[in-house]
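Listed below, chain by chain, are the residues.
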Amino acid sequence: MTIQFDHTPAKKFIGDHEIAAMEPQVAAAARLLENRSGPGSDYLGWLDLPLKYDRAEFKRIKAAAKKIRKQSEVLVVIGIGGSYLGAKAAIEFCTPTPPLPQRGGRKKHFDVVFAGTNLSAPYHARILQAIGDRDFSINVISKSGTTTEPAVAFRLFRQQLEEKYGRQGARERIYATTDPARGALKTLATQEGYETFVVPDDVGGRFSVLTAVGLLPVAAAGIDIDALMRGAADRAKAYKKPFASNDCYQYAAIRNVLNRKGKDIELMVNYEPRCHYVAEWWKQLYGESEGKDGKGIFPASVDFTSDLHSMGQYIQDGRRSLFETVLEIESPETDFNLFKTSDDLDGLNYLAGKSLDFINKKAAEGTRMAHTDGGVPNLVIRIPEATPYYLGQLFFFFEKACAVSGYLLGVNPFDQPGVEAYKKNMFALLGKK
C-alpha cells in the first residue's frame with residue numbers, strides 16, 4: 001500500500017487536455033532535477049538521501065536516541081524553521097500529544113519539547129518550569145550556531161543544564177546537529193566535546209527532515225526511523241517513473257495549472273489533529289521554495305472540522321482564489337461507535353451504530369462536495385495509516401513535487417534570499433555591530 005494522490009474532485013476545474021499539456025513541461029523540470037543542472041543544484045542532497053544516507057551516522061543517531069531516553073525524561077530540541085518543523089510534524093503525526101497530561105505526579109512517558117522557535121520569554125519560562133526537577137538533555141540544531149532564536153534559547157537551556165549537572169555532566173547531555181566543519185556551534189561542540197551530527201552542506205533546512213536534523217529528535221521520541229526512511233526510499237524509486245504513473249509529478253502539474261487559472265492560494269486541509277504540524281512543515285517547504293521573484297502559490301492550512309466553524313464561510317463564499325489539498329487518513333488506529341439514548345435530546349440517535357471515523361469521513365465528503373460546488377477545487381492525498389512508513393512516503397512526495405513545481409514556476413526552489421531582510425532590521429534595532 002502507498003499514499004495516493006486523487007485529483008478527481010477537481011475534474012470540473014481542470015480538463016484532461018490541460019494536464020496532458022503539462023507533461024512535457026514536467027519532464028523538462030524533472031530532467032533539470034535528476035541531472036542536477038537547474039538553479040540551486042548544489043542543494044540536491046535530499047534527492048537520493050533515502051537511498052544513499054550515511055549508515056554509520058544513522059547507527060549513531062539510534063544509539064544517541066537510546067542514550068537520551070535512558071538518561072533523561074525530557075529532550076529539549078532547540079531550532080527554528082527547518083531545524084524543528086519536520087521533527088515536530090513526525091512526532092505529532094506518529095505519537096500525538098494527549099490533550100490532557102497524565103495524572104499522579106511525574107509523567108511516565110518521555111517528552112520531546114521544542115525551544116528556540118520564537119523569542120517569547122514566557123514560552124521559554126514555561127518550558128523550564130515544566131521540566132522542573134526532571135532529568136533532561138538538549139539537541140541544539142543550527143547550521144551556523146548564530147541564528148538568533150535558537151542561539152538565545154541554547155544559552156538559556158545550556159546554563160540550566162550546567163547548573164543542574166555541572167559543566168562536565170552537561171557535556172554528556174548536549175547533542176549538536178550542525179555544519180560538519182565550520183561555524184560557531186561546530187567550534188563550541190568541538191571545544192566542549194559534545195556529540196555532533198551533520199547538517200549536510202547539500203541539503204537545505206526545509207528539506208532536512210530525513211537527515212540527523214529530524215531523525216535524532218524523532219528517534220528519541222521512540223518512533224521507528226528505519227520505517228520512516230524505508231517509506232521515503234520506496235517513493236524515491238517510484239517517483240522516477242514517467243508522468244502518467246507518477247502521482248508526485250501530477251500533483252506538481254495540477255497545482256500549477258490551477259495557479260495559472262488564478263488559484264494562487266493552496267489550503268492544506270486535514271480532519272485529524274495529528275496532521276496539523278505536517279501542514280506547518282509543508283507551509284515552510286513550499287513558502288520558502290516558491291515565494292520569490294513576485295511568484296508563488298501561497299501555502300496556508302486549516303484544521304477541519306474545527307475551522308469549518310471559523311474559516312468555512314470564507315472558503316465557501318469568499319474570493320475564488322483558493323484550492324484545497326486534503327490529507328485523509330484511511331484507517332485510524334482507534335475508533336468509537338455511537339449509541340442510542342432514551343431521550344435523544346441532542347438528536348443524534350440516527351447515528352447510533354455508526355463509528356466516529358465514519359462520521360468524520362462523511363463530514364469530509366460533504367465539505368468537499370460543498371466547496372467544489374462553491375468554486376473551490378479539491379485535491380486529495382490518501383494516507384493508508386498514520387505510521388512512520390507512510391509519513392516517510394508523504395515527506396518525499398511533497399519534497400520532490402515542490403522541487404518540480406518550483407522549476408515549473410521558473411524560480412530557484414532552493415534559495416531564500418528574502419529571509420535575511422527582517423534579520424538586518426532586527427539587528428540594527430538591537431544595536432548589533
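What you see is a predicted model, and the numbers here were worked out from it, not measured in a lab.

Asker: I'm lost on the overall build of the protein chain in this one. Help?
Answerer: A count of helices and strands for the protein chain gives 15 helices and 10 strands. For 433 residues, the compact-globule formula gives about 22 Å, and the C-alpha radius of gyration of the protein chain, at 23 Å, lands near that figure. For the protein chain, with 433 residues in total, the buried portion stands at 52%. The long-range fraction of contacts in the protein chain, counting pairs at least 24 apart against all pairs at least 6 apart in sequence, stands at 79%. Surface accessibility of the protein chain: about 19800 Å² in total, with carbon and sulfur atoms responsible for 54%.

Asker: What am I meant to see in the sheet that holds strand β5 (residues 174-178) here?
Answerer: As a general point, the strands of a sheet are linked pairwise by backbone hydrogen bonds and lie either parallel or antiparallel. Spatial ordering of the open sheet is given by β3-β2-β4-β5-β6, a layout of five strands whose pairing is parallel. Of all the strands in the sheet, the pair left with one neighbour each is β3 (111-115) and β6 (195-198). Put simply, the sheet's adjacent strands are angled 20° from each other on average, direction ignored. In terms of strand pairing, strand β2 (residues 74-78) meets β3 through five bridges, oriented parallel. Paired with Ile 78 across the bridge in β3 is Ala 115. Most of the contacts of helix α6 (residues 148-171) go to strand β4 (residues 136-141), to which it runs at about 140°, and overall it touches β2, β3, β4 and β5.

Asker: Would you explain the environment of Leu 188 in this entry?
Answerer: Looking at the secondary structure, you find Leu 188 in helix α7 (residues 184-192). Distance from Leu 188 to Gly 431, taken between C-alpha atoms, is 24 Å for residues 243 residues apart in sequence. If we ignore the near neighbours within four places in the chain, the residues touching Leu 188 are Phe 154, Arg 158 and Tyr 194.

Asker: Sorry, what's going on with the packing of aromatic side chains here?
Answerer: Aromatic ring pairs are described here by two measures, namely the spacing of the ring centres and the angle between the planes. Enumeration according to the criterion identifies 20 aromatic pairs in this entry. For the ring pair Tyr 271 and Phe 304, a centre distance of 5.6 Å and an interplane angle of 70° mean the geometry is edge-to-face. Residue Tyr 271 is located in the loop between β7 (265-270) and α11 (276-290), and its partner Phe 304 is located in the loop between β8 (298-303) and α12 (312-317); the two are separated by 33 residues in the primary sequence. Given a relative accessible area of 9%, Tyr 271 falls into the buried group. Using a relative accessible area of 5% as the deciding quantity, one classes Phe 304 as buried. Taken together, the aromatic side chains of Phe 5, Tyr 239, Tyr 251, Trp 281, Trp 282, Tyr 286, Phe 395, Phe 397 and Phe 398 make up a single cluster linked through ring pairs. Between the NZ or CZ atom of Lys 88 and the centre of the ring of Tyr 277, over which it lies, the distance is 5.0 Å. One cation-aromatic arrangement involves Arg 173 over Tyr 165; the distance from NZ or CZ to the ring centre is 4.0 Å.

Asker: Is there a simple way to explain helix α5 (residues 121-131) in this structure?
Answerer: Side chains three or four residues apart in an α-helix point the same way, a direct result of the helix having 3.6 residues per turn. If you check which residues of α5 are buried, you get His 124, Ile 127 and Ile 131. Viewed along the axis of α5, the buried residues span an arc of 55°, placing them on a single side of the element. Turned more than 90 degrees away from the buried face of α5, the exposed residues are Ala 121, Arg 126, Gln 129 and Ala 130. The secondary structure elements touched by the buried residues of α5 are β2, β3, β4 and α6. Taking the backbone nitrogen of Tyr 123 as reference, a side-chain oxygen 3.1 Å away marks Ser 120 as the first, capping residue of α5. Just downstream of α5, Gly 132 is the residue with a positive phi angle, here 55°.

Asker: It is not clear to me how a nonpolar patch on the surface should be interpreted in this structure. Could you clarify?
Answerer: Together, Leu 119, Val 152 and Leu 156 make up an exposed nonpolar region whose accessible area comes to about 240 Å². Following the sequence through the fold, Leu 119 ends up in the loop between β3 and α5. Relative accessible area serves as the criterion here: at 49%, Leu 119 is assigned to the partly exposed category.

What counts, and at which threshold
The written sequence of each chain sets the order in which its residues are numbered from 1. With pLDDT at 70 or above as the cut-off, local features in this predicted model cover only qualifying residues; side-chain atom pairs require 80 or more to be listed or tallied, and sums for whole chains, interfaces and linings still use all residues. Only heavy atoms go into the side-chain values, all of them from the structure, while hydrogens and water stay out. Each helix is a run of DSSP H or I of at least 4 residues and each strand a run of E of at least 2, with the numbering of both proceeding from the N terminus. Values of the radius of gyration come from C-alpha atoms, whereas the globule rule sets the reference at 2.2 Å times the count of residues to the power 0.38. Between buried and exposed lies partly exposed: a residue is buried under 20% and exposed over 50% of the maximum accessible area for its type, with that area taken using a 1.4 Å probe on protein chains only. Note on contacts: a residue pair is in contact if any heavy atoms of the two residues lie within 4.5 Å. Method for areas: the Shrake-Rupley scheme with a 1.4 Å probe, in which residue coverage is limited to the protein chains shown. The rule for pairing is simple: two strands pair if DSSP sees at least two bridges between them. Fitted lines through C-alpha atoms serve as axes, helices being fitted only where they are in contact, and the angles separating the N-to-C directions of these axes extend from 0 to 180 degrees. The pairing test for Phe, Tyr and Trp rings, Trp by its six-membered ring, is centres within 6.5 Å, and the orientation test on the planes gives stacked under 30 degrees, edge-to-face over 60, and tilted for anything in between. Only lysine NZ and arginine CZ atoms are considered, and such an atom sits over a ring when it is within 6 Å of the ring centre and within 35 degrees of the ring normal. Directions drawn from the helix axis to the C-beta atoms are what define this arc. Within 3.5 Å is the distance limit for a polar contact, defined as a pair of N or O atoms, with the added protein rule that one can donate a hydrogen and the other accept it, and that residues adjacent in sequence qualify only through two side-chain atoms. Residues enter a patch when their relative accessible area is above 30% and they make no salt bridge; the linking distance is 9 Å between like charges and 5 Å between nonpolar side chains (Val, Leu, Ile, Met, Phe, Trp, Tyr). What makes a salt bridge here is a side-chain nitrogen of Lys or Arg within 4 Å of a carboxyl oxygen of Asp or Glu, nothing more.

By themselves, these figures tell us nothing about what the structure is for.
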